[in-house]
Amino acid sequence: MTAQRNMIEFTGVNKFYGAYQALREINTVISQGEVVIVCGPSGSGKSTLIRTVNRLESIQSGKITVNGVDTQTEDLNVNHMRSKIGFVFQQFNLFPHMTALDNVALGLIKVQRQSRSDAYDRAQALLQRVGLHHKVKSFPGELSGGQQQRVAIARALAQNPPVMLFDEPTSALDPEMVGEVLAVMRELAADGMTMMCVTHEMGFARDVAHRVLFMDQGEILEDARPGDFFNAPVTERASKFLADIRY
């Protein structure tokens, strides 16, 4: 049996905002095909952690590698590196004056230099994959929040990234729209996509994750399989967190 490749590695990562330490000695590895959920109370460092992966947040010490590439080197082409990492944000960040199809195709044309024909064919296929084949000519303002987030996922997938990062992708959605976005993420997980996801959707974490990272005050306090984390958390802080949320 072939060993799985390490896709994301954090080694001794520390992050400060002035005197405030947001991340403390982060050490963990995410393997190819793993779905890792990052959870914890507000201000625990979850979003900061995921945003360090593609240098949306800088770090003061430590090392982060993605698919074998050290993302912290000074001579790194950051834009090229980011094009290889799919990132889905809380807010959809779609171009309001462009259709769903144009939003997905844009990066293929501008970054990958694909022909317009090839780019639009791929964009059409990706929108069909996320269940929006009937909305390709719609503008963001004509789409629900859940549909906009699915367009954003299709856009992130367009570059064929080996890794997908999700920073609370359902937090800006009305409750009835959450399920449609999680359904797409479930399909990606079933297809073997390596995923790191910051979320408060604990039902999704229980069902889909291979591992759960629980953070508080910038530290990873627990790194466990979902069954162990939800049924027998090791720390008192995690026990309180689970007792206080509904899932």
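Residues numbered from 1 in each chain as written. Predicted model: local features only at pLDDT ≥ 70, side-chain atom pairs only at ≥ 80, totals over all residues. Heavy atoms only, no water.

1. Some details on the nonpolar core
Leu127, Ile153, Met164, Phe166, Met185, Met195 and Phe229 are the most contacted members of the largest nonpolar core, which has 55 residues in total. Among the elements that make up this core, the one with the highest residue count is helix H6 (residues 175-190) (eight residues). Ignoring sequence-local partners within four residues, the contact set of Met195 consists of Glu34, Val35, Val36, Met164, Phe166, Met185, Leu188 and Ala189. (Core = buried A, V, L, I, M, F, W, Y, C linked by side-chain atoms within 4.5 Å. Buried < 20%, exposed > 50% of the residue type's maximum accessible area, 1.4 Å probe, protein only. Helix = DSSP H or I, 4+ residues; strand = E, 2+ residues; numbered from the N terminus. Contact = heavy atoms within 4.5 Å.)

2. Focus on the packing of helix H5 (residues 145-157) against H6
Where H5 contacts H6, the two axes come as close as 8 Å, and the packing angle between them is 20°. Overall, the two elements H5 and H6 adopt an arrangement that is roughly parallel. Read as a crossing pair, H5 and H6 show a hand that is right-handed. In contact with Gly145, Gly146, Gln147, Gln149, Arg150, Ile153 and Leu157 of H5, H6 contributes Met177, Glu180, Val181, Val184, Met185 and Leu188. Grouping the constituent residues of the contact of H5 with H6 by class yields seven nonpolar, four polar and two charged. (Axes fitted to C-alpha atoms, helices over the stretch in contact; angles between N-to-C directions. Parallel < 35°, antiparallel > 145°, perpendicular 65-115°, else oblique. Left-handed = near helix turned anticlockwise from the far one by under 90°. Nonpolar A, V, L, I, M, F, W, Y, C, P; charged D, E, K, R; others polar.)

3. A look at the packing of aromatic side chains
Taken as a whole and assessed by the stated rule, the structure comprises four aromatic pairs. Between Phe214 and Phe229, the aromatic rings sit 5.9 Å apart at their centres with planes inclined by 35°, giving tilted as the arrangement. Separated by 15 residues along the polypeptide, Phe214 in strand S9 (residues 211-216) and Phe229 in helix H8 (residues 226-231) bring together distant segments of the chain. As far as burial versus exposure is concerned, Phe214 and Phe229 are alike and both buried. Summarising the aromatic geometry, the rings of Phe229 and Phe230 are spaced 5.2 Å apart at their centres and angled 75° between planes, so their arrangement reads as edge-to-face. Judged by relative accessible area, which is 7%, Phe230 ranks as buried. One aromatic cluster is present, built from ring pairs that chain together Phe214, Phe229, Phe230 and Phe241. (Phe/Tyr/Trp six-rings, centres within 6.5 Å; stacked < 30°, edge-to-face > 60°.)

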